[in-house]
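As a plain string of letters, each chain reads:
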Amino acid sequence: MTTFRTPADAAEARAIQDTLRARVVLDEPGPPPGTGRATGVDVAYDDERDVVVAAAVVLDAATLDVVAETTAVGRVTFPYIPGLLAFREIPTVLAALEALPVDPGLVVCDGYGRAHPRRFGLASHLGVLTGLPVIGVAKNPFTFTYEQPGPRRGDSSPLLDGDEEVGRALRTQDGTKPVYVSVGHRTGLDNACAHTLLLARDFRQPETTRRADALCRQALREATA
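Notes on the structure in this doc start here. (Residues numbered from 1 in each chain as written. Predicted model: local features only at pLDDT ≥ 70, side-chain atom pairs only at ≥ 80, totals over all residues. Heavy atoms only, no water.)

### Concerning the sheet that holds strand β3 (residues 66–75)
Sheet strands pair via backbone hydrogen bonds, and the direction of the pair is either parallel or antiparallel. Heads up, the rule is: Two strands qualify as a pair provided DSSP detects at least 2 bridges between them. Where helices and strands are cited, they refer to DSSP runs of H or I of at least four residues and of E of at least two residues respectively, numbered from the N terminus. Helix axes use the C-alpha atoms of the stretch in contact, all axes being lines fitted to C-alpha atoms, and the angles between their N-to-C directions lie in the range 0 to 180 degrees. Contact definition: two residues touch when any of their heavy atoms are within 4.5 Å.
Pairing within the open sheet is mixed, and its eight strands lie in the order β3-β2-β1-β4-β5-β8-β7-β6. On the outer flanks of this sheet lie β3 and β6 (156–161), each paired with one strand and no other. Looking at each pair of strands side by side, their axes are set apart by 30° on average, direction ignored. Judged from the ten bridges that link them, strand β1 (residues 37–46) and strand β2 (residues 51–60) form a sheet pairing that is antiparallel. Across the sheet, the residue bridging to A38 is L59, located in β2. Helix α2 (residues 86–98) contacts β1, β2 and β3 of the sheet and is inclined by roughly 45° relative to β2. On top of the sheet, helix α5 (residues 207–223) reaches β1, β2, β3 and β4 (106–109); it is set at about 35° to β1, its chief contact.

### Here we look at the pattern of salt bridges
What counts here: Salt bridges are defined by distance alone: a side-chain nitrogen of Lys or Arg within 4 Å of a carboxyl oxygen of Asp or Glu.
Taken as a whole and judged by the stated rule, the model has 16 salt bridges. Of the charged contacts in the structure, one is a salt bridge between E28 and R186, with a shortest N-O distance of 3.0 Å. Of this pair, E28 sits in the loop between α1 (10–21) and β1 while R186 sits in the loop between β8 (179–185) and α4 (189–199), placing them 158 residues apart in sequence. For R88, the salt bridge is made with D47, and the minimal N-O distance between the two is 3.6 Å. Taken together, the residues span a long stretch of sequence, with R88 in helix α2 and D47 in the loop between β1 and β2 at a distance of 41 residues. Within this structure, R114, R119, D161 and E164 form a network of salt bridges that share partners.

### Quick word on unusual backbone geometry
Keep this limit in mind: Only protein chains enter the accessibility calculation, which uses a 1.4 Å probe; a residue whose area is less than 20% of its type maximum is buried, one above 50% is exposed, and one in between is partly exposed.
In this structure, D50 is a non-glycine residue whose phi angle is positive, near 55°. Residue position: D50 is located in the loop between β1 and β2. A relative accessible area of 39% places D50 in the partly exposed class. Even without being glycine, R186 reaches a positive phi, approximately 60°.

### Section: the nonpolar core
The line we're drawing: Here, nonpolar core refers to any group of buried Ala, Val, Leu, Ile, Met, Phe, Trp, Tyr and Cys residues whose side-chain atoms link them within 4.5 Å.
V41 and L126 are the most contacted members of the largest nonpolar core, which totals 36 residues. Counting only elements with at least two residues in this core, the list comes to α1, β1, β2, β3, α2, β4 and α3 (122–130). Counting residues per element, this core draws most heavily on α2, which supplies seven residues. In this view, L126 contacts V41, I90, V93, L94, L97, V107, C109 and V134; residues no more than four positions away in its chain are not counted. The next biggest cluster of nonpolar side chains, apart from the first, holds 26 residues, and it includes V53, L59, V137 and A212.

### Details of the packing of aromatic side chains
Just so we agree on the cut-off: Pairing of aromatic rings covers Phe, Tyr and Trp, the last counted by its six-membered ring, and requires centre-to-centre distances within 6.5 Å; plane angles under 30 degrees mean stacked, over 60 mean edge-to-face, and any other angle means tilted. Whether a charge sits over a ring comes down to the Lys NZ or Arg CZ being within 6 Å of the ring centre and within 35 degrees of the ring normal.
A complete count under the given rule lists three aromatic pairs for this structure. On the numbers, 5.6 Å between centres and 45° between planes, the contact of F78 with F87 is tilted. An angle of 65° between the planes, with centres 5.2 Å apart, marks the rings of Y146 and Y180 as edge-to-face. On the criterion of sequence distance, the pair formed by Y146 in the loop between β5 (134–138) and β6 and Y180 in strand β8 is long-range, its members being 34 residues apart. Since its relative accessible area comes to 26%, Y146 is described here as partly exposed. Here the basic side chain of R88 rests over the ring of Y45, its NZ or CZ set 4.7 Å away from the ring centre. One Lys or Arg, R210, reaches over the ring of F203 and ends 3.6 Å from the middle of that ring.

See the structure below:
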């Protein structure tokens, strides 16, 4: 595990991204879809109290049964700046992951990896710091362009920055809006999309994200009651 350092300002944060980006591993396919474990991580905020709560929920990748789950409560120590969201979230997410009693396997972030203006979103940052295979599955495409994929589950189209494919718009359920999948660390894009489809068995979002979102919201309510 690489130690997380809180930057003093946005310029230092971008410099950290530039340094760590060179350590992203892009030539590994990642774990086979539907095997081992998949862990969703998500955060919830109380901005008035500067409280952030992270949740990590481990699922059996084949059955989607919950194997383990943890939460962690922290303080918001970095302002909201587009493109630098990881610096608000990662310390508490790391604490939740470290508290897990089992190996998390593949980690699924509600955010971006390569589909980031600096090619270093939360999924890449978390992967480099932990050494784990990580993918990003976001609800919105950030600043990139794409054509609508076909209407059926499994249809996809490239998420583009100019001519560069930085991720994919992926339809996880017939007739629903796509999600936006990108590589974080130690996975390939084809594999990331296959994982996403298997984890999004019944809903638009992967079950990893749905479970982690519900758990961190519940934990935030309890932490601020």
